[in-house]
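Residue-level listing of the chains:
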Amino acid sequence: MSSAFDKLARPVQKWIRQQGWRELRDIQARSIRTIYETNADLIVAASTAGGKTEAAFFPLISQVLDEPFDGTGFDLLYIGPLKALITDQAMRLEGICQEAELPVVPWHGDVSQSIKTRALKSPKGILLITPESLEALFIRRGLKIARLFGATRAVVIDELHTFLDSERGVQLRSLLTRLELAIKRPIRRIGLSATLGDMDLAKAYLRPDAASSVQLIEADGGEAELRLQLRGYFSGDEDETCPSATDAIAAHLFKHLRGSDNLVFAGARQRVEIYADRLRELCAREQLPQEFYPHHASLSREHRDFVERRLKDAAKPTTAVCTSTLELGIDIGDVTCVAQIGAPFSVAALRQRLGRSGRREGQPAILRQYAVETKLMAESSFVDRLRLGLIRSIAMIDLLLEGWCEPPKPQALHLSTLVHQILSVIAQRGGASASAVYNVLCREGPFRRVTTEVFADVLRAIGHPETGLIEQADSGLLLLGPTGEKLVDHYSFYAVFKTPEEFRLVAEGRDLGTLPIDNVLAPGMLLIFSGRRWIVQEIHDREKVIVVKPAKAGVPPVFGGDAGEIHDKVIDRMFAVLEGGTSPAYMDSVSLTMLEEARAQYQLLGFRNENIHSFGEHRSIIATRVGTVKTSTLALALRSEGFSVEQHDGFLQVENGDETPDLRAVLGRISAGDARDIFGGAGNLVSEKFHPYLHHELLVLDACSSKVDTSCLGTLSERLRS
DNA sequence: GACCTGCTGCGGGATG
C-alpha cells in the first residue's frame, strides 16, 4: 500500500485490510495527504460510489484517534440532506469506527429520543445530522452548543451541490458560521459532491472568506462511455389504429427496459402515475410479473421503501418511474438505463440522473430521451410550431456533453431565510442586540448582500406590532414577540422551506400517500394513485383524510407546481439549434423530422432576422433569446403597460386590446428607462416561508435579487425593438 | 411550466 495508507491510524488500516482492498483509490490517497499536510478546507468531487465518504473519513477518523483535540464534544460532524442518507452513511461508518471504538451517532427526526439523550450526555465520536436537526439544537440547547462542539475538528457536507444557492443551503452556512463563533475557532469544512458545475463558485460557497485556499480533489477521467438516443413521438392523432404518444412510449419502455434495473424520469408526479399505470397494464396483459413501480414524494414512505429495496435487490429486475426523488441520495446500485420523458428543467439535474447509470466497470451509461410533440395543424400555436420541448432537450443534451451545468446564483438576498435566522439567533441566546445579530448573520454569516439599511428595515417589519415576531426591551435587547415565541416553539419552525397543505389517502386502514388539498374529489370519483386504481369512498375535511378502495378504472390526480427556471445559456443554445443546419447523430427519424419542421417554421416566422413577429394588430411573438429571469422581467414590464403576456422558453406571446399602445413604442419607452413600476400590479411576491412577515418594498428587493432582473430591461428592450 | 428536502418535548399508558 501507499505512503498515504501509512499515515492512517492502526484501526483504520486494519479495517481497510479486512475489506480485502489492495490499494486506496486515487482521490482517497490525495485526500489523506491533503488532510494530514494542511489545515485547508476541501472539496472532494467524484461520481456516486466513487469512495468520497471514505476519502474524507479515513484521515479524519485517524486524526481523531492519534491526535485528539482538547475540549468536549463530538469529534466530527457530518451534514446530510436526507434522513435516508444519514442512516445509510451511519451504517457504513459504523463498520470503520467499531474497530476504533468511536461512537457513530445518527441524528434526525426518526432517530429515537434515547439515542439523542445519551449522545447529549456524553457527546463524542461522529455526529451525522440534517440542517433542520442542527437548527433545533441551536434553538433548544443554544447555551450548550460550545460544549457539544468544543472538540469538533471537521465538518463533512455530503451532496454539497444541494446546499449551494437554496434557502436550505443558506441556512446551513449560517449555522456553520454560528457554530464557529460559538467555539471561537474555525472548523475545517469538507464538501462532497458528484455534480458541481463551477468549482470556483462551490469553493466560495464552502468558505466565503477564503475561497482560493479551498483545496480541490477531483476524480480524473474514468467517465463511462455514454450511449444516447433521442426519440420523437407525435401526439394528437389518437384513433382506433394508432396508439397515443403515451401508449407508444410505454410500449417502447416495456420492450427495452423489462428484465433489468432502470430509472424513468417522467418529469411530473401525474405523469409518473400515468406511465406506471400503463406499464403495469402491459405486464398484466402479457401475464408477466410486475416490475414497474411509481416513486414520488407524495407516495407513502412504506411504498417508497419497497421500491428502493427492489432496486437494490439484484435478483428482481425493477424499473422505477419517478420524479427527482431518485435523483440523489441513497445508494440504489447501478441501473442499466436512465430514461427521461419530456425535456428536463436543468442540465445539472440531467447530469445527476445520468450518474445513476454506467457505474460498473465496462458498462456504458445509457440515456433514452423521449420527446412528445403535437402534429402541426393550421391553428397550431408557435410553441408547437417551434417544437420548444424537443429543442430544449437537444440543447440540454449538447450542454451535458460539453460538461457544462448551471452555476449557483450568489447575488440573492434570501430575506425569508434571514427572518428565520434572526429569530433563531434571538432564541439561541435568549435575546440579542441588533448589532450582534447583524454581525453574526450579515458580516460573518452568509447574508453579506444585506446592507445595514435593509437589515434595519427587516427588523422594523418583523418588529411591527401587527407582525409581532420580535420586540425590543428597554435595554435595547431584541426579544421574541408573542407571534415569534409561538412560531419558534413549534417543531415546524426548523425547516426554512415551505410545504403545501395535503390530504392523507387511506385504503384499508393503510396510508397510500398524500394529495394536494386543491384536488377536487367527491365520493364515487375514480383515481389512479401509487400505480393502482381506486374509487373515493369518504372524505374527512377536518382530519384531511380521503378513504379509497380498489377500482377497475381511474383518473390521474393533479399535483400543481411552480414555474421552472431555465438558464440563459440553455436558451442561447436552443436558438443556436433552431438556426443551425446540422443534426445530432443521436436523434431518431421522427425527431429529425420534428427538428426540420421547427427550423422551417423558425425561418417562416422570420426570427432569423427579426425579434418580433406580429399576427394582425393584436398579437405578437417576441423572441427574447434569454432565460427565465430576464424574460419574466420583460413580461412584468409589459403587463404593467396593459398587455396580456404568456411566457415560453426564450419567447413571449403578447396580446393587446384596442386601447393598448404600440408594442415597439412601449419597448422604446422601457429602454429609455421610462418604465412604470413593474411591481405595481404586483404578481404574487410571497413565495418563501417567511415572506408573509415582510412588506411590499422588501419583497420587491428580494425578488430583484433572484427571480427578476430589472438591470437587464434597458438593453433587452432596446435590442428587441430594433 | 416541476420537483425535492425536514421536525421537539412532553404526557399518558403499557411493559419488565
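What this report covers is the structure whose coordinates are included nearby. Note that the structure is predicted; figures quoted are calculated from it, not measured.

With that out of the way, let us pick up the overall build of chain A. Within chain A, the regular secondary structure consists of 26 helices and 24 strands. Here the C-alpha radius of gyration of chain A, 27 Å, is about what a compact globule of 722 residues would show, namely 27 Å. Across its three principal directions, the C-alpha atoms of chain A cover 75 × 70 × 55 Å. Expressed as a percentage of its 722 residues, the buried residues of chain A come to 54%. Considering chain A, the positive charge centre built from 85 side chains and the negative charge centre built from 94 side chains are found 5 Å apart.

The next subject is helix H18 (residues 434–444). All of the buried residues in H18 are Val437, Tyr438, Val440, Leu441 and Cys442. Considering only its buried residues, H18 is in contact with helix H9 (167–183), helix H17 (415–429) and helix H19 (452–463).

Quick look at unusual backbone geometry now. One non-glycine residue, Ser530, lies in the positive phi region at around 60°. Within the fold, Ser530 resides in the loop between strand S18 (526–529) and strand S19 (532–540). Looking at Ser530, the relative accessible area reads 10%, which means it is buried. Of note in this structure, Arg625 is not a glycine but carries a positive phi near 60°. Relative to the elements of secondary structure, Arg625 occurs in the loop between strand S22 (619–623) and helix H23 (628–640).

On to helix H11 (residues 245–257), then. Since the α-helix turns once every 3.6 residues, residues separated by three or four places project in the same direction. Relative to the 18 Å expected for 13 residues at 1.5 Å per residue, H11 spans 18 Å between its end C-alpha atoms, a close match to the ideal helical length. The complete set of buried residues in H11 reads Ala245, Ile249, Ala250, His252, Leu253, Phe254 and Leu257. Downstream of H11 by a residue or two, Gly259 has a phi angle that is positive, lying close to 100°.

The rules behind these values
Residues numbered from 1 in each chain as written. Chains lettered and ligands numbered in written order. Predicted model: local features only at pLDDT ≥ 70, side-chain atom pairs only at ≥ 80, totals over all residues. Heavy atoms only, no water. Helix = DSSP H or I, 4+ residues; strand = E, 2+ residues; numbered from the N terminus. Rg over C-alpha atoms; globule rule 2.2 N^0.38 Å. Buried < 20%, exposed > 50% of the residue type's maximum accessible area, 1.4 Å probe, protein only. Lys, Arg positive; Asp, Glu negative; His and termini not counted. Charge placed at Lys NZ, Arg CZ, Asp CG, Glu CD. Contact = heavy atoms within 4.5 Å. Expected span 1.5 Å × (residues − 1).

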